Amino acid sequence: MAVNLADLSLPQLEGLKTQLDPEIEFLTSSISQLKVVQTKYVEAKDSLNVLNKNNKGKELLVPLTSSMYVPGSLNDVENVLVDVGTGYYVEKKVEDSKAFFKRKIDFLTKQIEKIQPALQEKHAMKQAVIEVMNVKIQQLQQSQQASQMVGPTKA
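The present account deals with the structure reproduced in this document. (Residues numbered from 1 in each chain as written. Predicted model: local features only at pLDDT ≥ 70, side-chain atom pairs only at ≥ 80, totals over all residues. Heavy atoms only, no water.)

Moving on: the pairing of strand β4 (residues 88–93). Inspection of the sheet shows strand β3 (residues 79–85) paired to β4 by six bridges, in the antiparallel sense. Across the sheet, residue V82 finds its bridge partner in β4, namely V90. Linking two consecutive strands that pair antiparallel, namely β3 and β4, is a turn of two residues; a positive phi of about 45° is found at T86 within it. (Pairing = 2+ DSSP bridges. Helix = DSSP H or I, 4+ residues; strand = E, 2+ residues; numbered from the N terminus.)

Here it is as structure tokens:
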């Protein structure tokens, strides 16, 4: 059921705007979180490109923490352990891992594309509510000014 915004009172419009704010915040947060995960998958997929026969046996730094590394050498350039979620790791061939990350990236892209129109619609609704509120406030101010100008008449 469609409601004409112009038919709503100022408090009703304010309530609608207040209702839209957390919805917009939630959708924005969801898209941001999906993009963070998508970026991690893109980086993981891109990092697989260093695993080739030319790099076998090369020295590298192995991270123990985000700020501590130990020296190591690259012995297996054909297999990797992939985090498939909830702490489970699966050994996969490099090409299979690339395909896995591509599927994840594509899935996240589709999810973002599904949420984006809803977010744009909520933003448009909020903007429309604000515009109607501004018109109503201006009308209210004009009617108050007009009533002050007329004022009480003395007989």
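Quick look at a nonpolar patch on the surface now. Taken together, V84, Y88 and V90 make up a surface patch of nonpolar side chains, about 270 Å² in accessible area. With respect to the helices, strands and loops of the structure, V90 is situated in strand β4. For V90, a relative accessible area of 34% translates into the label partly exposed. (Patch = residues over 30% accessible without salt bridge, like charges linked within 9 Å, V, L, I, M, F, W, Y side chains within 5 Å. Areas by Shrake-Rupley, 256 points an atom, 1.4 Å probe, with all protein chains shown as cover. Salt bridge = Lys/Arg side-chain N within 4 Å of Asp/Glu carboxyl O. Buried < 20%, exposed > 50% of the residue type's maximum accessible area, 1.4 Å probe, protein only.)

Ranked by size, the top nonpolar core spans 19 residues in total, and within it L48, L51, V80 and F101 carry the most contacts. Going through the elements one at a time, α1 (10–47), β3 and α2 (94–150) are the ones with two or more residues in this core. No other element matches α2, which puts eight residues into this core. Here F101 is in contact with Y41, A44, K45, L48 and V82, once residues within four sequence places are set aside. With seven residues, the next largest nonpolar core counts L8, L13, V129 and V132 among its residues. (Core = buried A, V, L, I, M, F, W, Y, C linked by side-chain atoms within 4.5 Å. Contact = heavy atoms within 4.5 Å.)

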